[in-house]
Each structure stands twice: as C-alpha cells, then as structure tokens.
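Per-entry structural report
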Amino acid sequence: FATFGGCLLSVDPFIIGIVFLAIGTSVPDALASFIVARDGHGDMAISNALGSNVFDILLGLGLPWFLSGLAFPGQVTAPEGQIDGQFVVTNGVVAGMITLVLGLLLFVGSLVIFRWRMLKPIAVLLAGYYIAFLVVIIMANRCQIPICIELDCARCGFDPTLF
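Quick notes on the rules
Along each chain, residue indices are assigned from 1 in the same order as the chain's sequence is written. Side-chain atom pairs in this predicted model are given and counted only at pLDDT of 80 or more, local residue features only at pLDDT of at least 70, and totals for whole chains, interfaces and linings cover all residues. The side-chain figures draw on all heavy atoms in the structure; neither hydrogens nor water molecules are used. A run of H or I in DSSP counts as a helix once it spans at least four residues, and a run of E counts as a strand once it spans at least two, with each numbered from the N terminus. Between buried and exposed lies partly exposed: a residue is buried under 20% and exposed over 50% of the maximum accessible area for its type, with that area taken using a 1.4 Å probe on protein chains only. With residues, only the protein chains shown are counted as cover, and all accessible areas are computed by Shrake-Rupley using a 1.4 Å probe. Residues forming no salt bridge and having over 30% relative accessible area are the ones grouped into patches, like charges within 9 Å of each other and nonpolar side chains (Val, Leu, Ile, Met, Phe, Trp, Tyr) within 5 Å. A pairing counts as a salt bridge when a side-chain nitrogen of Lys or Arg comes within 4 Å of a carboxyl oxygen of Asp or Glu. We define a polar contact as two N or O atoms separated by no more than 3.5 Å, with the added condition that, inside protein, one atom must be a possible hydrogen donor and the other a possible acceptor, whereas residues neighbouring each other in sequence contribute only through side-chain atom pairs. In what follows, a contact means two residues having at least one pair of non-hydrogen atoms within 4.5 Å. Axes here mean lines fitted to C-alpha atoms, for a helix over just the part in contact, with angles spanning 0 to 180 degrees between N-to-C directions. Between 65 and 115 degrees an angle is taken as roughly perpendicular, under 35 as roughly parallel, over 145 as roughly antiparallel, and anywhere else as oblique. Helix crossings get a hand from a simple test, with the near helix turned counterclockwise from the far one by less than a right angle marking a left-handed crossing and a clockwise turn marking a right-handed one. Gly falls in the polar group here, along with every residue not listed as nonpolar (Ala, Val, Leu, Ile, Met, Phe, Trp, Tyr, Cys, Pro) or charged (Asp, Glu, Lys, Arg). A helix is expected to reach a length of 1.5 Å times the quantity of its residues less one. Directions pointing from the helix axis toward each C-beta atom define the arc.

A closer look at the overall build of the protein
- A count of helices and strands for the protein gives 5 helices and 2 strands.
- Start at the N end of the protein and walk to the C end: the helices and strands fall as α-α-α-β-β-α-α.
- By residue count, 17% of the 163 residues in the protein fall in the buried class.
- Surface accessibility of the protein: about 11,700 Å² in total, with carbon and sulfur atoms responsible for 73%.

Here it is, written out as structure tokens:
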C-alpha cells in the first residue's frame with residue numbers, strides 16, 4: 001500500500017520506507033512512552049524507546065539476514081552475475097552508522113548537560129536532529145549530496161566503495 005501510494009505521488013520507495021513506514025511503526029512505542037512519562041515514569045519511557053530500537057536493529061535486521069543466508073546460501077545475484085559465498089550490502093551502512101552514533105551522542109550529551117532531566121530543550125533538539133536527518137536522506141536520495149544511502153550508488157554517479 002505504501003509503495004503504491006508513493007508511486008501515485010511520485011515519491012521514491014526508499015523515502016516512503018525511511019519516513020512514513022518508520023514513523024508508522026514507531027507511533028505505538030511513542031504513545032506508550034508518552035503515557036508512562038506522563039505518569040511520572042520517565043525512565044520507563046526512555047527504556048521503552050531504547051529497547052524498541054535495539055530490538056528493531058538487532059532482530060529486525062539480523063533475523064531476516066540470517067534466514068536469507070540459510071535459505072539461499074551462495075545464491076545471491078548482482079548485475080555482474082552470480083556471487084558465490086557470503087553477501088553483505090555495505091552501501092549506506094557507514095552513513096547509517098554515523099547517523100545512529102551521532103543521534104546517540106546527541107541524546108546522551110543532552111541528558112548530561114541537563115543533569116539527566118528530560119526537559120523541553122532536549123525534545124526540541126531531538127526533533128531538530130530528526131528534521132536534519134530527513135533533509136539529508138531526501139537530498140542524498142535525489143543525488144544532491146554525495147552520500148550513498150541505498151543499494152544503487154551508481155545511480156547518482158558515486159563510487160560505492162567510498163561509503
């Protein structure tokens with residue numbers, strides 16, 4: 001449904017996935033965190049957010065890759081033909097890891113500066129960081145900045161080994 005809607009609106013499926021589907025899957029966690037934070041359990045709200053992201057990254061990515069490796073060992077194809085052995089997609093991984101580390105440092109640094117209290121300036125800072133993230137992702141997807149974030153780096157004329 002999301003891909004079809006993106007096609008109708010001429011929005012790249014990558015952007016649909018990273019913006020709309022990611023937001024849609026995070027709303028229940030955000031609501032749960034909001035409810036417990038409102039009841040005075042800010043530590044539970046932060047634990048919920050961090051635990052959800054750790055689960056998404058480790059199990060949400062790791063399990064499909066593991067199952068794919070079991071089901072299709074040595075059967076990965078590329079434009080050059082059959083690839084034997086292990087297959088690891090590295091395009092965009094460096095940019096993604098830098099984004100995750102910067103976000104984590106920004107969050108923890110904000111907590112240290114505000115003496116481990118969740119205040120409105122932290123919310124504004126994190127919202128600003130997310131908006132900056134979206135701008136960079138959309139610009140990279142449209143080949144306006146030299147960051148490879150998807151499988152087809154050559155589409156923008158970038159060397160995928162640089163990223």
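More follows now that the structure is in view.
With respect to a nonpolar patch on the surface
- A grouping of Val54, Ile57, Leu58, Leu61, Trp65, Met97 and Leu100 is seen on the molecular surface, where their side chains present a nonpolar patch of about 740 Å² in accessible area.
- Every element with two or more residues in the nonpolar patch is listed here: helix H3 (42-71) and helix H4 (93-113).
- Of the residues forming the nonpolar patch, the biggest block, 5 residues, is contributed by H3.
- Mapped onto the fold, leucine 100 is located in helix H4.

Describing the side chain of serine 33
- Here serine 33 shows up in helix H2 (residues 13-38).
- In this structure serine 33 comes out as buried when scored by relative accessible area, which is 12%.
- Within the local environment of serine 33, its side chain forms a polar contact with the backbone oxygen of alanine 45, the two atoms lying 3.2 Å apart.
- The contacts of serine 33, once residues within four sequence positions are left out, are Ala45, Asn48 and Ala49.

Looking at the packing of H2 against H3
- In contact at an axis separation of 7 Å, H2 and H3 are set at 165° when each is read in the N-to-C sense. Relative to H3, the element H2 is oriented roughly antiparallel. Along this stretch, H2 crosses H3, giving a crossing that reads as right-handed. Contacts between H2 and H3 involve Asp29, Ala32, Ser33, Val36 and Ala37 from the first element and Gly42, Met44, Ala45, Asn48, Ala49 and Ser52 from the second.
- Residues of the contact of H2 with H3, tallied by class, amount to 6 nonpolar, 4 polar and 1 charged.

Describing the side chain of serine 110
- For serine 110, the location among the structural elements is in helix H4.
- A relative accessible area of 4% places serine 110 in the buried class.
- Sequence-distant contacts of serine 110, that is, excluding residues within four places in its chain, are made with Ile122 and Leu125.

A closer look at helix H5 (residues 120-141)
- For H5, which comprises 22 residues, the first-to-last C-alpha distance of 32 Å matches the rise-based estimate of 32 Å (1.5 Å per residue) to within 8%.
- Within H5, the full set of buried residues consists of Ile122, Phe133, Leu134, Ile137, Ala140 and Asn141. Seen end-on, H5 carries its buried residues on one side only, within an arc spanning 135°. Exposed and facing more than 90 degrees away from the buried side of H5 are Lys120, Val124 and Ile131.
- Note on H5: the residue one or two positions beyond its end, cysteine 143, has a positive phi of about 65°.

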